[in-house]
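If you want the building blocks of each chain, they are given just below.
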Amino acid sequence: YGVTPLRALAAVRDGVLAGDEAGNVWNLEAAPNPPQASSAKATSAEPSLAPPVQTVYVCYSHQDRDIVDQIKPAMQALGLSYHDVESVPIGEKWSGAILQMIDKADIFLLCWSQAASASQFVREEWRHALSLGRPDFIRPIYWERPMPPPPPELAQINFVYYGVGKEGSLPL
């Protein structure tokens, strides 16, 4: 079990994030016993840490607001800056502001559901994110089973199951 910090997964287990005080998030499935903070630094035998994620733009359908609201506290606990359509200042043109937030984000978290798959606004946001051509930028999650089919443009990206409630994972 080579212990590696996983920039792609922030685990939430019974309301507790799996990580250390240095801000590293650990893949509990690959390493059932996360290392102590003192051993978290990469050595020549371990892969180097990925650049830290600072800002996450969260894309979702407003019909899924109750579920998406569970994600924000986890991101705040990790010290991440969380942005979504609700972050647009009053009086600002929202479509331009959203595109700017997506452009500035380190991660585009796509919250995929039946409602999201039918939303024109969600489609415009993920298409803009895809057009940026940034590797590993789009991180989709879903909670409905079976997973709503992704559009062909996103079919090659791994969608991660987010178990609503006490246990889930966020691809950060």
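Further up the page is the structure itself.
Residue numbering note: each chain is counted from 1, following its sequence as written. With the structure being a predicted model, the display of local features is reserved for residues of pLDDT at least 70 and the display and counting of side-chain atom pairs for 80 or more, all residues being used for whole-chain, interface and lining totals. With hydrogens and water excluded, all non-hydrogen atoms of the structure serve as input to the side-chain values.

Caption draft 1: Main features of the environment of Lys 72. Within the fold, Lys 72 resides in helix α2 (residues 71-77). The spacing of Lys 72 and Tyr 82 is 10 residues in sequence and 6.8 Å in space, taken between C-alpha atoms. Comment: elements are numbered from the N terminus, with helices defined as DSSP H or I runs of at least four residues and strands as E runs of at least two.

Caption draft 2: Quick peek at the pairing of strand β6 (residues 138-142). Three labels apply to residues, based on accessible area from a 1.4 Å probe with only protein chains included: buried if under 20% of the type maximum, exposed if over 50%, partly exposed otherwise in between. Across the 5 residues of β6, 5 count as buried, placing the element largely inside the fold. Burial of β6 is two-sided: the residues Ile 138, Pro 140 and Tyr 142 facing one way and the residues Arg 139 and Ile 141 facing the other way are all buried. In this sheet, β6 lies alongside strand β5 (residues 107-112) in parallel orientation, the contact comprising 5 bridges. The partner of Cys 111 across the bridge, within β6, is Ile 141. One ladder, built from 2 bridges, connects β6 with strand β7 (residues 160-161); its direction is parallel. Two strands make a pair as long as DSSP finds a minimum of two bridges between them.

Caption draft 3: Summary view of the nonpolar core. Of all hydrophobic cores here, the largest spans 20 residues; its most connected members are Tyr 57, Phe 108, Leu 110 and Trp 112. It is helix α3 (residues 94-104) that provides the largest number of residues to this core, a total of 4 residues. Whether two residues touch is decided by their heavy atoms; if any such pair falls within 4.5 Å, the residues are in contact. Aside from chain neighbours lying at most four places away, what touches Leu 110 is Cys 59, Val 122, Trp 126, Ile 138, Arg 139, Pro 140, Ile 141 and Leu 154. Throughout, nonpolar core names a set of buried Ala, Val, Leu, Ile, Met, Phe, Trp, Tyr and Cys residues whose side chains join them through atoms within 4.5 Å. Ranked by size, the runner-up nonpolar core spans 16 residues in total, among them Val 58, Tyr 60, Tyr 82 and Ile 107.

Caption draft 4: Fine view of unusual backbone geometry. Going from Arg 145 to Pro 146, the amide bond is cis rather than trans, its omega being 0°. Looking at where Pro 146 falls in the secondary structure, it is placed in the loop between β6 and β7. You will see that Asp 136, though not glycine, has its phi angle at about 60°, which is positive. With a relative accessible area of 45%, Asp 136 lands in the partly exposed category.

Caption draft 5: Region of interest: the packing of aromatic side chains. Only the six-membered ring of Trp is used, alongside the rings of Phe and Tyr, when aromatic pairs are assigned; centres must lie within 6.5 Å, and planes under 30 degrees apart are stacked while those over 60 apart are edge-to-face, with the rest tilted. In total, this model carries 5 aromatic pairs according to the counting rule given. Measuring from centroid to centroid gives 5.2 Å for Trp 94 and Phe 121, while their planes differ by 70°, and the two rings are edge-to-face. Here the residue Trp 94 occupies a position in helix α3, and Phe 121 occupies one in helix α5 (residues 120-131), the gap between them amounting to 27 residues. Relative accessible area serves as the criterion here: at 43%, Phe 121 is assigned to the partly exposed category.

Caption draft 6: How the structure looks around the side chain of Asp 84. Along the chain, the position of Asp 84 falls in the loop between β4 (81-83) and α3. Relative accessible area serves as the criterion here: at 2%, Asp 84 is assigned to the buried category. Of the polar contacts made by the side chain of Asp 84, one reaches the side chain of Tyr 60; its length is 2.9 Å. The definition of a polar contact used here is a pair of N or O atoms within 3.5 Å, where within protein one atom must be able to donate a hydrogen and the other to accept one, and adjacent residues in sequence count solely through side-chain atom pairs. A distance of 3.3 Å separates a polar atom in the side chain of Asp 84 from a polar atom in the side chain of Tyr 82.

Caption draft 7: Local environment of the packing of α3 against α5. Under this scheme, a helix contributes an axis fitted over its contacting stretch, all axes are lines through C-alpha atoms, and angles between N-to-C directions fall in the 0 to 180 degree range. Viewed as axis vectors pointing N to C, α3 and α5 meet at an angle of 40°, and their least axial separation amounts to 10 Å. By the angle between their axes, α3 is oblique relative to α5. Classified by chirality, the crossing of α5 by α3 is right-handed. On the side of α3, the interface is formed by Trp 94, Ile 98, Leu 99, Ile 102 and Asp 103, while α5 contributes Phe 121, Glu 125, His 128 and Ala 129. Throughout, the ten residues Ala, Val, Leu, Ile, Met, Phe, Trp, Tyr, Cys and Pro are labelled nonpolar, Asp, Glu, Lys and Arg are labelled charged, and all others, Gly among them, are labelled polar. Taken together, the residues of the contact of α3 with α5 break down into 6 nonpolar, 1 polar and 2 charged. Here is the rule for angles: anything less than 35 degrees is roughly parallel, anything more than 145 is roughly antiparallel, 65 through 115 is roughly perpendicular, and the remaining ranges are oblique. For any helix crossing, the convention is left-handed if the near helix is rotated counterclockwise from the far helix by under a right angle, and right-handed if that rotation is clockwise.

Worth remembering: the numbers are spatial, not functional.
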